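# Architecture at a glance
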Amino acid sequence: MPVNLTEYMDHYITIIEQEIAKQLEKLEIPKPLKDSMLYSMNAGGKRLRPILLIASYEAFAVDYHKVLSSGVALEMIHTYSLIHDDLPAMDNDDYRRGKLTNHKVFDEATAILAGDALLTYSFEVIVNDPLLVDKQKIEIIKLLSKTSGPNGMVAGQILDMQAENSEVTLQELEKIHELKTGELIKFAIYTGAYLGNATKDQLQYLEEFAYYLGLIFQVQDDILDVTGDEQKLGKRIGSDEKSMKSTYPRLLGIDGAIELKQRYVARAKNALKKAKVEDSYLMDLTEHFSKRDH
Ligand SMILES: CC(C)=CCC/C(C)=C/COP(=O)(O)OP(=O)(O)O
Ligand SMILES: C=C(C)CCOP(=O)(O)OP(=O)(O)O
């Protein structure tokens, strides 16, 4: 059994990637679509969201098999969002995870369709999971569509686009990030705890935890876009500045952004204590999210 966070993450990355391969390999679909889906799913993502989902489940229960389909579905939706985010109509990026972006390798139409396919297939993966009962499937699908759709990530993306070239307040920035990044993190935390049979009170505190963890993740992303190492990040730095994006460093300066991140970390840890899961890997993952260098 893994003993520290690095071993824990490595252990589950292998398991998650095996399940991703299993789910995608069985698709009998036109080759360019399958190749394009496989390309981005295997392009070296850190798998943080499924790891978070498993850690949330393991704060309450044992045997990760029950949350594997939700973790893989979540990674598929996250990957679709990045394929579309990189398109010329959005961020127009050439590199992601150290590799050419999907539309640079395939064509734009195929990249759009690969994103669409990953989004919709994610729901099929949950529906087909024999370890879940119908009630659980409905609850998971309800939350996944809410957090990734027009009340969640998609809303965050359009708010983010609207905020380009304009000054936003800290409150507006937090709202953008809560939706664009935080909602999928909320799905990870909530689904793990729900399937692990957390109490109502615990779910409520974990929702608070997820809110701060989403902000920690994004403030660090913004900081890395200024101070990060392109080699490690696998994408260009300075792209937020170039596209006049609203970011924490732009609003607060680098020191201000770091200071705010520390405040979010303290609040996230406090929420874990209130949920009585401070001994879980969620605590270590909070530190990891705030200190990550890629
Ligand atoms: C519906 C869609 C397309 C959602 C995209 C959501 C998302 C989190 C994009 C990446 O954010 P980013 O642009 O801040 O990060 P990066 O620097 O990695 O592109
Ligand atoms: C939400 C944001 C900031 C996009 C990048 O997310 P990750 O940093 O988790 O991306 P991968 O590891 O999956 O490439």
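Residues numbered from 1 in each chain as written. Chains lettered and ligands numbered in written order. Predicted model: local features only at pLDDT ≥ 70, side-chain atom pairs only at ≥ 80, totals over all residues. Heavy atoms only, no water.

Secondary structure assignment for the protein chain yields 14 helices and two strands. Against the 2.2 N^0.38 benchmark of 19 Å for 294 residues, the protein chain shows a C-alpha radius of gyration of 18 Å, consistent with a compact globule. Looking at the protein chain as a whole, 52% of its 294 residues are labelled buried. Here the protein chain displays about 13700 Å² of accessible surface, and carbon together with sulfur accounts for 53% of that area. The positive charge centre, built from 35 side chains, and the negative charge centre, built from 46, are 3 Å apart in the protein chain. (Helix = DSSP H or I, 4+ residues; strand = E, 2+ residues; numbered from the N terminus. Rg over C-alpha atoms; globule rule 2.2 N^0.38 Å. Buried < 20%, exposed > 50% of the residue type's maximum accessible area, 1.4 Å probe, protein only. Areas by Shrake-Rupley, 256 points an atom, 1.4 Å probe, with all protein chains shown as cover. Lys, Arg positive; Asp, Glu negative; His and termini not counted. Charge placed at Lys NZ, Arg CZ, Asp CG, Glu CD.)

Looking now at the site of ligand 1. The immediate surroundings of ligand 1 are formed by 15 residues, with D85, D91, R96, K180 and K235 found nearest. D85 places a polar side-chain atom, nitrogen or oxygen, 3.0 Å from an oxygen atom of ligand 1. Within the contact set of ligand 1, an oxygen atom lies 2.8 Å away from a side-chain nitrogen or oxygen of R96. Protein coverage of the free-state accessible area of ligand 1, which is 520 Å², stands at 90%. (Near = heavy atom within 4 Å. Polar contact = N/O pair within 3.5 Å; in protein donor to acceptor, adjacent residues only side chain to side chain.)

A cluster of nonpolar side chains, contributed by M90, I158, L159 and M161, occupies part of the molecular surface with about 310 Å² of accessible area. Looking at the element boundaries, L159 is found in helix 8 (residues 153-162). (Patch = residues over 30% accessible without salt bridge, like charges linked within 9 Å, V, L, I, M, F, W, Y side chains within 5 Å. Salt bridge = Lys/Arg side-chain N within 4 Å of Asp/Glu carboxyl O.)

Glancing now at the packing of helix 10 (residues 200-227) against helix 14 (residues 281-291). Relative orientation of the contacting elements helix 10 and helix 14 amounts to 25°, with a least axis distance of 8 Å. Classified by the angle their axes make, helix 10 and helix 14 are roughly parallel. The segment helix 10 lies against helix 14, with L206, F209, L213, I216, F217 and Q220 engaging L282, T286, F289, S290 and K291. Residue composition of the contact of helix 10 with helix 14, grouped by class: seven nonpolar, three polar and one charged. (Axes fitted to C-alpha atoms, helices over the stretch in contact; angles between N-to-C directions. Parallel < 35°, antiparallel > 145°, perpendicular 65-115°, else oblique. Contact = heavy atoms within 4.5 Å. Nonpolar A, V, L, I, M, F, W, Y, C, P; charged D, E, K, R; others polar.)

Let us look at helix 3 (residues 48-58). Burial runs high along helix 3: 10 of the 11 residues are buried. Burial in helix 3 covers these residues: L48, R49, P50, I51, L52, L53, I54, A55, S56 and Y57. Against the buried residues of helix 3 lie helix 1 (5-25), helix 4 (65-85), helix 9 (170-195), helix 10 and helix 14.

Within the sequence span of helix 8, burial applies to M153, A155, G156, Q157 and D160. Buried residues belonging to helix 8 abut helix 4, helix 7 (134-148) and helix 9.

So, on to the nonpolar core. Judged by nonpolar contacts, the single largest core of 81 residues is most densely connected at L24, L52, I189, L206, F209, L282 and F289. Of the residues forming this core, the biggest block, 11 residues, is contributed by helix 10. Sequence-distant contacts of F289, defined by excluding residues within four places in its chain, comprise L48, L52, I185, L213, I216, F217 and Q220. (Core = buried A, V, L, I, M, F, W, Y, C linked by side-chain atoms within 4.5 Å.)

Every residue near ligand 2 is listed here: G45, K46, R49, H78, L82, R97, T181, F217, Q218, D221 and R292. H78 places a side-chain nitrogen or oxygen 2.7 Å from an oxygen atom of ligand 2. Within the complex, the protein chains bury 89% of what would otherwise be the 390 Å² of accessible surface of ligand 2. Put simply, the parts of the chain that give the shell around ligand 2 at least two residues each are helix 4 and helix 10. A per-element tally of the shell around ligand 2 places helix 10 first, with three residues. Each residue belonging to the shell around ligand 2 can be placed in one class, and the counts come to two nonpolar, four polar and five charged.

Relative to the assigned elements, S290 resides in helix 14. Within the structure, S290 has its side chain in polar contact with the backbone oxygen of E287 (distance 3.1 Å).

Moving on to the environment of L184. In this fold, L184 is placed in helix 9. For L184, a relative accessible area of 2% corresponds to the buried category. On a C-alpha basis, the gap between L184 and M153 in space is 7.3 Å, while along the polypeptide they are 31 residues apart. Not counting residues up to four positions away in its chain, the partners in contact with L184 are L74, I77, H78, T147, S148 and M153.

Below, the discussion takes up the packing of aromatic side chains. A full pass over the atoms with the stated rule returns nine aromatic pairs. Note on Y190 and Y194: the rings are 6.3 Å apart at their centroids and 10° apart in plane angle, and the pair reads as stacked. Residue Y190 and its partner Y194 are both found in helix 9; the two are separated by four residues, about one turn of the helix. Taken together through their ring pairs, the aromatic side chains of Y8, Y12, Y64 and Y281 make up a single cluster. (Phe/Tyr/Trp six-rings, centres within 6.5 Å; stacked < 30°, edge-to-face > 60°.)

The next point concerns the environment of M153. Position of M153 among the secondary structure elements: in helix 8. Every residue in contact with M153, bar those within four places of it in the chain, is listed here: I77, Y80, S81, T147, S148, L179, K180, E183 and L184.

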